[in-house]
Amino acid sequence: MSVAIVGAGKMGQAMARGFLRSGVLSAKHVIGSSPDPDCLSEMGSLGVKTTLDNSEAVTSSDIVLLAVKPHIMPQVLDEIAPCIKKDHLVISVAAGVKIDYVEKKLPEQSRVVRLMPNTPCVVGEGAFFFARGASATQNDAQTVLKYFSTIGYCSEGDESFIDAVTGVSGCGPAYGFCAIDAVADGGVMMGLPRHLALKLAAQTLLGAAKMVLDTGKHPMVLKDEVCSPGGATISAIHTLEENGFRKCLMNAVKEASLRAGELSQQK
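Treat the numbers as computed from the prediction; the structure is a model and nothing was measured.

Here is what the cut-offs are and how they apply
Residues numbered from 1 in each chain as written. Predicted model: local features only at pLDDT ≥ 70, side-chain atom pairs only at ≥ 80, totals over all residues. Heavy atoms only, no water. Phe/Tyr/Trp six-rings, centres within 6.5 Å; stacked < 30°, edge-to-face > 60°. Helix = DSSP H or I, 4+ residues; strand = E, 2+ residues; numbered from the N terminus. Buried < 20%, exposed > 50% of the residue type's maximum accessible area, 1.4 Å probe, protein only. Contact = heavy atoms within 4.5 Å. Axes fitted to C-alpha atoms, helices over the stretch in contact; angles between N-to-C directions. Parallel < 35°, antiparallel > 145°, perpendicular 65-115°, else oblique. Pairing = 2+ DSSP bridges. Core = buried A, V, L, I, M, F, W, Y, C linked by side-chain atoms within 4.5 Å.

Okay, the packing of aromatic side chains next. This model, assessed by the stated rule, comprises 4 aromatic pairs. Relative to Phe161, the ring of Phe129 lies with its centre 6.1 Å away and its plane at 45 degrees, an arrangement referred to as tilted. Of this pair, Phe129 sits in strand 7 (residues 126-132) while Phe161 sits in the loop between strand 8 (152-156) and helix 7 (162-170); the two residues are 32 residues apart in sequence, bridging distant segments of the chain. The class for Phe161 is partly exposed, based on a relative accessible area of 49%. Here the aromatic cluster, defined as three or more aromatic residues joined through ring pairs, consists of Phe19, Phe128, Tyr147 and Phe148.

What follows deals with the side chain of Asn54. Relative to the helices and strands, Asn54 is located in helix 3 (residues 54-59). Contact partners of Asn54, with chain neighbours within four places excluded, come to Val6, Ser33, Ser34, Val76, Glu79 and Ile80.

Relative to each other, helix 1 (residues 10-22) and helix 2 (residues 37-44) sit at 10 degrees, their axes nearing to 10 Å. As judged from the angle between their axes, helix 1 and helix 2 are roughly parallel. Residue-level contacts link Gly12, Gln13, Ala16 and Arg17 of helix 1 to Cys39, Glu42 and Met43 of helix 2.

Another point: the sheet that holds strand 8. Here we have 8 strands laid out as an open sheet, ordered 3-2-1-4-5-6-7-8, and mixed in their pairing. The sheet is open, and its two borders are formed by strand 3 (49-51) and strand 8, each paired with just one other strand. Strand-to-strand twist across the sheet, computed as the mean angle between neighbouring axes with direction ignored, equals 20 degrees. As defined by bridge partners, strand 1 (residues 3-6) adjoins strand 2 (residues 30-33) across 4 bridges and the pair is classed as parallel.

Let's shift gears to the nonpolar core. Judged by nonpolar contacts, the single largest core of 31 residues is most densely connected at Leu65, Ile91, Val144 and Phe148. Ignoring any residue separated from it by four or fewer positions in sequence, one finds Val144 in contact with Leu89, Ile91, Val113, Leu115, Phe130, Ser149 and Cys154. In this structure, Val6, Leu106, Ala131 and Ile162 belong to the second largest nonpolar core, which totals 25 residues.

Moving on: the environment of Tyr147. Relative to the elements of secondary structure, Tyr147 occurs in helix 6 (residues 138-148). For Tyr147, a relative accessible area of 5% puts it in the buried group. C-alpha separation for the pair Tyr147 and Val24, spaced 123 residues apart in sequence, amounts to 6.6 Å. Setting aside anything within four residues of it in sequence, one finds Tyr147 in contact with Met1, Phe19, Val24, Leu25 and Ile63.

Here is the structure:
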């Protein structure tokens, strides 16, 4: 199959890099479109075809990946609608744009999937959640799983979950980056060289995440296994709890989810 990435910005580039890195797609089967020459240059550096014409990209592809900003989605849908055929699978990753909005803009019985990605897909560790539209088939779901499971974890569910998914995994990498930076700053404050503190902090969060996924244990069970009575770790956990660490993260997810819902209402 061939894939058109309509909107060759950061997310479109991240997914293209992920697909090529995993080997699920070769460069000759990917085309990126954007009105921005800089985005096209970056996308073209991956070896894929590029074009300024969204319709050209759609016409030559089987899967249409809409990776455009929500506010320009209406004009992009109007532009590509005449090119969408029944054999196209349309996957939208635009935040806040609901399936029924996309379906109304495209020809009847267009096969539409809404997917929430995140940027770690560029290193094969993305987290994806998708929901099918009225005409999307089980085979379409299998196609989404086939491609996106090669660049991370991919799961299907109801569209009503997507705002909450946005708060957890769509925005989640930013929470992780802030945590890594803060832990590294703590290391620097205590005398470590910056490069070493950053490497240790990043690797530690990577390892902790892998332990959760690989062992199947609850995170708090793993936390308890690290905390010796009267030790350094439990003292650190006390400080985190005293300063509302868990509450802060829960509120961040809540606010991101609510904002995602607000964006949906604007469509």
